[in-house]
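This is what each chain is made of:
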Amino acid sequence: MSLNKRAIVTGGTRGIGRAIVKELAARSCCGVLFSDVAFIYNSCDECAEEIQQEINDPGTKIFAFKADASSFEEAEETVSKAIEKLGGVDILVNNAGITRDNLMLRMTPEDFDTVLNINLRSVFNYTKAVMKHMIKQRYGRIVNIASVVGLIGNPGQANYAASKAGIIGFTKSVARELATRNITVNAIAPGFIETEMTEKLTDQQREILLRNIPMQRFGKPEDVAKVVGFLCSKDADYITGQVINVDGGMVMS
Ligand code: NAP
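Residues numbered from 1 in each chain as written. Predicted model: local features only at pLDDT ≥ 70, side-chain atom pairs only at ≥ 80, totals over all residues. Heavy atoms only, no water.

**Points about the packing of aromatic side chains**
Moving on, step 1. Counted by the stated rule, this structure contains 3 aromatic pairs.
Moving on, step 2. Ring centres of Phe39 and Tyr41 lie 6.3 Å apart, and the angle between their planes is 50 degrees; on these two criteria the pair is classed as tilted. Neither Phe39 nor Tyr41 differs from the other in exposure class; each is buried.
Moving on, step 3. Sitting above the plane of the Tyr139 ring, Lys5 keeps its charged end 4.9 Å from the centroid. (Phe/Tyr/Trp six-rings, centres within 6.5 Å; stacked < 30°, edge-to-face > 60°. Buried < 20%, exposed > 50% of the residue type's maximum accessible area, 1.4 Å probe, protein only. Lys NZ or Arg CZ within 6 Å of the ring centre and 35° of its normal.)

Here's what the structure looks like:
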């Protein structure tokens, strides 16, 4: 296994994914993580260039791949190209996700399928594409970005909540399948994080949400990225099949 970890992150151009790419690429003081990163994005070419410039560390290799994460064929092709560039893969972060909110009465079958395909099918696609490599090297860290909505539901988000609940079931099943191969599979369930995805909310919706957050603030993308970094570090070697909420105390079980 190489000294430098090699990571693939889906949806790496904006919000939480961008913070994850930066977190994994950051050279830590104590040698916990030294990652070269390939990230996948779908539309924002300028964002992809920006992030590569922002990292700009001669010791870290960053590669960007444009692909639709919901396509199985594109995932296979992209992972294979990423592995060629990185020299292998140790870490996969399934982060790409979208919303198409509407109450069930108005939700169209297309909105349901699109959200399920991008949020859940993509997790299947990329996990399937990397796992054979991880099994062969007997090492892998897979982190799936779910949501607290997948645990408690949310009116207007039946499609999104179903996709995130699906990610949680998927995470636990694959964690059980891969545990003996030294591959851990965990999920993070963010609460309300300040990104473009949540910019659409009205002031009234924000106020209501804040009332339900004991820590009285929304999260930052870095709050989630730090937990990804931890789950990919040596300190988390004995953690698998877990869902870690990063939500300021919004959901307590
Ligand atoms: P965001 O700011 O909207 O960013 C979404 C990212 O996903 C972008 O980089 C986007 O790339 C990429 N993406 C979208 N569709 C894609 C596709 N078909 N193929 C490949 N990449 C695609 O979202 P975010 O708030 O950072 O959310 C990131 C993840 O966290 C999502 O899974 C989301 O469900 C989850 N989450 C977010 C929150 C929150 O409060 N923000 C809470 C819980 C969970 P392009 O820019 O190129 O389109």
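Read on for the rest.
**Overview of unusual backbone geometry**
Moving on, step 1. Unlike most non-glycine residues, Asn56 shows phi in positive territory, near 35 degrees.
Moving on, step 2. If you trace the backbone, Asn56 turns up in the loop between helix H2 (45-55) and strand S3 (62-66).
Moving on, step 3. In this structure, Asn182 takes a positive phi of about 65 degrees despite not being glycine.
Moving on, step 4. You can see Asn182 is positioned in the loop between helix H6 (158-178) and strand S6 (183-190).
Moving on, step 5. Residue Asn182 is classed as partly exposed on the basis of its relative accessible area, which comes to 35%. (Helix = DSSP H or I, 4+ residues; strand = E, 2+ residues; numbered from the N terminus.)

**Quick word on the site of the ligand**
Moving on, step 1. Near the ligand you find 31 residues, and of these Thr13, Arg14, Ser43, Tyr160 and Thr195 are the closest.
Moving on, step 2. For the ligand, an oxygen atom lies 2.7 Å from a polar atom in the side chain of Arg14.
Moving on, step 3. Interatomic distance of 3.5 Å between a backbone N/O atom of Ala67 and a nitrogen atom of the ligand.
Moving on, step 4. Out of a free accessible area of 900 Å², the ligand has 96% covered by protein chains.
Moving on, step 5. Of all the elements in the fold, those that place two or more residues in the shell around the ligand are helix H1 (15-25), H6 and helix H7 (196-199). (Near = heavy atom within 4 Å. Polar contact = N/O pair within 3.5 Å; in protein donor to acceptor, adjacent residues only side chain to side chain. Areas by Shrake-Rupley, 256 points an atom, 1.4 Å probe, with all protein chains shown as cover.)

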